[in-house]
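Architecture at a glance
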Amino acid sequence: MSSVTRFAPSPNGLLHVGHALSAIIAHDTARKNGGRFLLRIEDIDLERRRPEFVTAIFEDLDWLGLTWEEPVLVQSEHFSEYLAAADRLIGMGLLYPCFASRKEIMTAADPENVDPDGSPLYPGIWRGASAEAVGERMAAGESPALRLNMEGAMQALKAKRGDKPLTFVEVDEEGGQQTITARPERWGDAVIVRKEVPASYHLSVVVDDARQGVTHVTRGQDLLAATDLQRLLQELLDLPEPVYSHHRVIRWADGRKLSKSNQDMGIRALRDEGATADDIRRVIFEG
Ligand code: GLU
């Protein structure tokens, strides 16, 4: 079957070799079986996104020899669609407003009880808050984040699927398939619509993967656990289920993550030092 893949960078820094690995895997997977390769600019973080990084993404991918379909989907142009998806969840009674500050959350949270990213689970401060309490904050001009009522969501899932477990298919580099059980409850009452922007990473990713007909999500292992929550949202929103490949993450020899900010192993830094696109492929595939 020919696949539709995508590379979905956030334009808040320059691409490094880790991004090149993601982009090349997605591109080559599509090209191998006559599929389609899409590029998506994930710029919902309006504070951090910068237009020059969008331009740099196009230039660096082009320099790497990749080609993608036009038009490129730019997430900040689609907030109304993310809100429409959030509205469906609201209609199902699964989102609730949360006005808590980060500080309030950290103070109330149990530091031992963390999500897969290591952040303390939301301690439920606004879960079940009265309409009056919400109204007061709204009247004061505050805008809330919308959180998923995870317990309610798991019940809604059960009502839909019965005892059929929530799973996803992970495809390895040799094409071997493994069915993994998703455990979205590990994320607690996750933020689905942020305070500052009418979307969140998880919501916009599932809406766009579905809208763009993505059949095969390829991305770094660091997003493996996020798949659990994304599969839950797909089920609740009746969106199709892609297959997944989470590739290894390139790190420094001492285990440190590459970072966008200090241009560790940046594509253009390496290019300026005289590296070719083939050198980059050699580095990322042969180490
Ligand atoms: N925008 C995300 C990032 O740059 C990737 C999202 C994804 O591939 O699902 O880390």
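Read on for a plain summary of the structure. For clarity, every value in this text was computed on a predicted model and none was experimentally measured.

1. Quick look at the packing of aromatic side chains
For the structure shown, the criterion picks out 5 aromatic pairs. With a centroid separation of 6.1 Å and an interplanar angle of 20°, the aromatic rings of Phe-58 and Trp-68 are classed as stacked. Residue Phe-58 is located in helix H2 (residues 51–63), and its partner Trp-68 is located in the loop between H2 and strand E3 (73–74); the two are separated by 10 residues in the primary sequence. The class for Phe-58 is partly exposed, based on a relative accessible area of 30%. On the accessibility criterion, Trp-68 (16% relative accessible area) is buried. Aromatic pair Tyr-96 and Tyr-122: ring centres 6.4 Å apart, planes at 40°, arrangement tilted. Of this pair, Tyr-96 sits in strand E4 (residues 95–98) while Tyr-122 sits in the loop between helix H4 (102–108) and helix H5 (131–139), placing them 26 residues apart in sequence. The buried category is assigned to Tyr-96, whose relative accessible area is 8%. Judged by its relative accessible area of 8%, Tyr-122 is buried. Over the aromatic face of Trp-63 sits the side chain of Arg-271, whose NZ or CZ is 5.9 Å from the ring centroid.

2. Let's talk about the site of the ligand
Taken together, Arg-6, Ala-8, Pro-9, Ser-10, Glu-42, Tyr-201, Arg-219 and Leu-223 make up all the residues around the ligand. One of the side-chain nitrogen or oxygen atoms of Ser-10 is found 3.1 Å away from a nitrogen atom of the ligand. Protein chains shield 78% of the accessible area of the ligand, which is 300 Å² for the free molecule. Within the shell around the ligand, the residues separate by chemical class into 4 nonpolar, 1 polar and 3 charged.

3. Side note on the packing of helix H1 (residues 17–32) against helix H10 (residues 277–286)
When two helices pack together, their arrangement is captured by the angle between the axes and the distance separating the axes. Put simply, H1 and H10 touch, their axes get as near as 10 Å, and they point 95° apart. Put simply, H1 runs roughly perpendicular to H10. Across the interface between the two elements, Val-17, Ala-20, Leu-21, Ile-24, Ile-25 and Asp-28 of H1 pack against Ile-280, Arg-281, Ile-284 and Phe-285 of H10. Residues that form the contact of H1 with H10 fall into these classes: 8 nonpolar, no polar and 2 charged.

4. Quick word on the layout of surface pockets
Quantified by volume, the second largest pocket comes out at close to 570 Å³. Around the second largest pocket, the lining comprises 24 residues; the ones closest to its centre are Ile-25, Thr-29, Asp-172, Glu-173 and Ser-245. Among the secondary structure elements, those contributing two or more residues to the lining of the second largest pocket are H1, strand E6 (167–171), strand E9 (216–220) and strand E10 (243–247). It is H1 that provides the largest number of residues to the lining of the second largest pocket, a total of 6 residues. When the residues that make up the lining of the second largest pocket are grouped by side-chain class, the tally is 7 nonpolar, 11 polar and 6 charged.

5. Remarks on the pairing of strand E2 (residues 36–41)
In terms of burial, E2 is largely enclosed, as 5 of its 6 residues are buried. Judged from the 4 bridges that link them, strand E1 (residues 4–7) and E2 form a sheet pairing that is parallel. Residue pairing across strands places Val-4 opposite Arg-36, the latter belonging to E2. At this point the chain moves from E1, through H1, to the parallel E2, and the crossover so formed is right-handed. Here E2 pairs with E3 via 2 bridges, running parallel.

6. What about the environment of Ile-90?
Its location among the elements puts Ile-90 in helix H3 (residues 79–91). A residue is classified by how much of its surface remains accessible, and Ile-90, at 39% relative accessible area, is partly exposed. Spatially, the C-alpha atoms of Ile-90 and Asp-163 are 24 Å apart, while their sequence positions differ by 73 residues. If near-sequence neighbours (up to four positions away) are discounted, Ile-90 is found in contact with Leu-95 and Leu-146.

7. Some details on H1
With 16 residues, H1 extends 22 Å between its outermost C-alpha atoms, agreeing within 8% with the 22 Å of an ideal straight helix rising 1.5 Å per residue. Along H1, 13 of the 16 residues are buried, which leaves the element largely enclosed by surrounding structure. Two residues or fewer past H1, Gly-34 is found with a positive phi of approximately 65°.

8. Let's talk about the pairing of E9
Counting buried residues in E9 gives 5 out of 5 residues, a clear majority hidden from the surface. Examined bridge by bridge, E9 and E10 share 5 bridges and lie parallel to one another. By the bridge assignment, Val-217 is partnered in E10 with Tyr-244. The handedness of the E9 to E10 crossover, carried by helix H8 (residues 226–236), is right-handed.

9. Considering the side chain of Arg-6
With respect to the helices, strands and loops of the structure, Arg-6 is situated in strand E1. Of note is the side chain of Arg-6, whose polar atom sits 3.0 Å from the side chain of Asp-209. Discounting residues that sit within four places of it in the chain, Arg-6 has contacts with Ala-26, Phe-37, Leu-38, Arg-40, Val-205, Asp-209, Val-214, His-216, Val-217, Thr-218 and Arg-219.

About the criteria used
Residues numbered from 1 in each chain as written. Predicted model: local features only at pLDDT ≥ 70, side-chain atom pairs only at ≥ 80, totals over all residues. Heavy atoms only, no water. Phe/Tyr/Trp six-rings, centres within 6.5 Å; stacked < 30°, edge-to-face > 60°. Helix = DSSP H or I, 4+ residues; strand = E, 2+ residues; numbered from the N terminus. Buried < 20%, exposed > 50% of the residue type's maximum accessible area, 1.4 Å probe, protein only. Lys NZ or Arg CZ within 6 Å of the ring centre and 35° of its normal. Near = heavy atom within 4 Å. Polar contact = N/O pair within 3.5 Å; in protein donor to acceptor, adjacent residues only side chain to side chain. Areas by Shrake-Rupley, 256 points an atom, 1.4 Å probe, with all protein chains shown as cover. Nonpolar A, V, L, I, M, F, W, Y, C, P; charged D, E, K, R; others polar. Axes fitted to C-alpha atoms, helices over the stretch in contact; angles between N-to-C directions. Parallel < 35°, antiparallel > 145°, perpendicular 65-115°, else oblique. Contact = heavy atoms within 4.5 Å. 1 Å grid on protein atoms, 1.4 Å probe; cavity = no way out; pocket = protein on both sides within 12 Å on 5 of 7 lines; lining within 4 Å. Points joined across faces, edges and corners; volume = space filled by probe spheres on them. Pairing = 2+ DSSP bridges. Right-handed = clockwise from strand over helix to strand, strands pointing away. Expected span 1.5 Å × (residues − 1).

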